[in-house]
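Given next are the chains, with one letter for each unit.
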Amino acid sequence: MSAAPATTLVALKRTGQAERALVCLGFCGGGTAAYHEWAAMMPPATDLLAVCYPGREGRFAEDFADSWDALAEDVVRAATTTGVPYVLFGHSMGGWMAFDVTTRLAAAGAPLPEALVVSSCNAPDRGLTARDRFPDRRGTDDELLTWMSTHGLLPAHVLGDEDLTEMAVELMRADIRVRDTFTYTGARTTVPLQVLSGAGDPVVGDDAGTRWGALTTAAHRHDVLPGGHFYTPEVWRTLPDRIAALKAPLGQPRTPATGHTDPKTGGLSG
């Protein structure tokens, strides 16, 4: 299969001799920029790739995806062209997308990621609840910007630029429209699963780890980290170092140990 365009599967770090990759999916209103600083955290022989959704960055001239299915199929096409074994990571809406894409790959008989990492999202098995509709599509532009600056990664300089704030709101609304068409199909995965969540995240419920664990037949773990929806700035900057599948030596099984970590000590328990 031919490789996805460089504007779709964006290389944030290429080693030249990669034996695996971390593939990142965007959150609501986000692009690939949030993952750029992770390049310095990649283990040896590991590429860092990010999927750019339609309508932004190098795909600016394309129309936004008009439904969850359309965006998921776009990501599926990109995921099948990594060229090396990979770990699939998704944050917030991207966590649901990573899970859904993994089940779609399985249904198509395509190669699966070696591990699935979902960050700051509730398990999708109960469908899209009021708790998951944050930010809400009915919010004003100011409310969306407040959400992005308070709970997201919106750079401070964007708030001082009218054109950039308009673009940020447009991206957020486009992704909210997609998110709000999500429907859980009842699928489970056979891929090892790691769940990450913030101890102070107002969106993610206390049962997230347990519910996510029921959606895979493989090993799973839940790590509770300091901070809110995007953790603390330092935790976010070094998040790849928390991904168990990237820490095992190449060629060794990369299944996460079952359990959860304490947000204060970072130690595995339970």
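Residues numbered from 1 in each chain as written. Predicted model: local features only at pLDDT ≥ 70, side-chain atom pairs only at ≥ 80, totals over all residues. Heavy atoms only, no water.

### Quick look at the pairing of strand E5 (residues 115-119)
Link 1 in the chain: Of all five residues making up E5, five are buried, and the element is well covered by its neighbours.
Link 2 in the chain: Burial along E5 is two-sided: the face carrying Ala-115, Val-117 and Ser-119 and the face carrying Leu-116 and Val-118 are both buried.
Link 3 in the chain: Relative to E5, strand E4 (residues 86-91) runs parallel, the two being bridged by five bridges. By the bridge assignment for E5, Leu-88 is matched with Leu-116.
Link 4 in the chain: Running through helix H2 (residues 93-107), the crossover from E4 to the neighbouring parallel element E5 is right-handed.
Link 5 in the chain: Strand direction decides the pairing type here: E5 and strand E6 (residues 193-198), joined by four bridges, are parallel. Bridge assignment links Val-118 to a residue of E6, and that residue is Val-195. (Buried < 20%, exposed > 50% of the residue type's maximum accessible area, 1.4 Å probe, protein only. Helix = DSSP H or I, 4+ residues; strand = E, 2+ residues; numbered from the N terminus. Pairing = 2+ DSSP bridges. Right-handed = clockwise from strand over helix to strand, strands pointing away.)

### Structural notes on the pattern of salt bridges
Link 1 in the chain: Counted under the stated rule, the structure contains 14 salt bridges.
Link 2 in the chain: In this structure, Glu-234 engages Arg-237 in a salt bridge whose closest nitrogen and oxygen atoms are separated by 2.7 Å. With Glu-234 and Arg-237 both in helix H7 (residues 233-237), this residue pair falls three residues apart, about one helical turn.
Link 3 in the chain: Overall, the relative accessible area of 34% leaves Arg-237 in the partly exposed class. (Salt bridge = Lys/Arg side-chain N within 4 Å of Asp/Glu carboxyl O.)

### Comments concerning unusual backbone geometry
Trans peptide bonds make up the majority, and among non-glycine residues the majority have a negative phi.
Link 1 in the chain: Residues other than glycine seldom take positive phi values, yet Ser-120 does so here, at roughly 55°.
Link 2 in the chain: As for its position among the elements, Ser-120 is in the loop between E5 and helix H3 (141-151).
Link 3 in the chain: A residue is classified by how much of its surface remains accessible, and Ser-120, at 1% relative accessible area, is buried.
Link 4 in the chain: One non-glycine residue, Tyr-231, lies in positive phi territory at about 65°.
Link 5 in the chain: Its location among the elements puts Tyr-231 in the loop between strand E7 (220-225) and H7.
Link 6 in the chain: Since its relative accessible area comes to 7%, Tyr-231 is described here as buried.

### A word on the packing of aromatic side chains
Link 1 in the chain: Taken as a whole, this structure holds 10 aromatic pairs when the rule is applied.
Link 2 in the chain: Considering the side-chain rings of Trp-96 and Phe-182, the 4.5 Å spacing of their centres and the 40° angle between planes classify their relative orientation as tilted. Taken together, the residues span a long stretch of sequence, with Trp-96 in helix H2 and Phe-182 in the loop between helix H5 (162-179) and E6 at a distance of 86 residues.
Link 3 in the chain: On the accessibility criterion, Trp-96 (5% relative accessible area) is buried.
Link 4 in the chain: By relative accessible area, Phe-182 is classed as buried at 9%.
Link 5 in the chain: Through a chain of ring-to-ring contacts, three or more aromatic side chains come together here, namely Phe-27, Tyr-35, Trp-38, Phe-89, Phe-230 and Trp-236. (Phe/Tyr/Trp six-rings, centres within 6.5 Å; stacked < 30°, edge-to-face > 60°.)

### Here's the deal with H2
Link 1 in the chain: The end-to-end C-alpha distance of H2, which contains 15 residues, comes to 21 Å, matching closely the 21 Å that a straight helix rising 1.5 Å per residue would cover.
Link 2 in the chain: With 12 of 15 residues buried, H2 lies mostly within the body of the structure.
Link 3 in the chain: Taken residue by residue, H2 has Met-93, Gly-94, Gly-95, Trp-96, Met-97, Ala-98, Phe-99, Asp-100, Val-101, Thr-102, Thr-103 and Leu-105 as its buried positions.
Link 4 in the chain: Buried positions along H2 lie against strand E2 (20-25), helix H1 (68-79), E4, E5, H5 and helix H6 (208-213).
Link 5 in the chain: Positive backbone phi, approximately 75°, marks Gly-109, located one or two places after H2. (Expected span 1.5 Å × (residues − 1). Contact = heavy atoms within 4.5 Å.)

### Topic: a negative patch on the surface
Link 1 in the chain: A cluster of acidic side chains, namely Asp-161, Glu-162, Asp-163, Glu-166 and Glu-170, defines a negative patch on the protein surface.
Link 2 in the chain: Considering the arrangement of structural elements, one finds Glu-166 in helix H5. (Patch = residues over 30% accessible without salt bridge, like charges linked within 9 Å, V, L, I, M, F, W, Y side chains within 5 Å. Areas by Shrake-Rupley, 256 points an atom, 1.4 Å probe, with all protein chains shown as cover. Lys, Arg positive; Asp, Glu negative; His and termini not counted. Charge placed at Lys NZ, Arg CZ, Asp CG, Glu CD.)

### A short note on H1
Link 1 in the chain: A rise of 1.5 Å per residue sets the reference length of H1, with its 12 residues, at 16 Å; its end C-alpha atoms lie 16 Å apart and thus fit the reference within 8%.
Link 2 in the chain: Along H1, the residues that are buried comprise Trp-68, Leu-71, Ala-72, Asp-74, Val-75, Val-76, Ala-78 and Ala-79.
Link 3 in the chain: Residues of H1 that are buried sit in contact with strand E1 (9-13), E2, strand E3 (46-51), E4, H2 and H5.

### With respect to the environment of Pro-54
Link 1 in the chain: Examined against the element boundaries, Pro-54 turns out to sit in the loop between E3 and H1.
Link 2 in the chain: When the C-alpha positions of Pro-54 and His-157 are compared, they lie 24 Å apart, and in sequence the two are 103 residues distant.
Link 3 in the chain: Each residue touching Pro-54, except ones within four places of it in the same chain, is listed here: Arg-59, Glu-62, Asp-63, Phe-64, Ala-65, Leu-71 and Asp-74.

### As for the pairing of E4
Side-chain positions along a regular strand alternate between the two faces of the sheet.
Link 1 in the chain: Judged by how many residues are buried, E4 sits mostly within the fold: six of six residues are covered.
Link 2 in the chain: Alternating positions in E4 separate into two faces, Tyr-86, Leu-88 and Gly-90 on one and Val-87, Phe-89 and His-91 on the other, with burial throughout.
Link 3 in the chain: Relative to E4, E2 runs parallel, the two sharing five bridges. Note on E4: the bridge partner recorded for Leu-25 is Gly-90.

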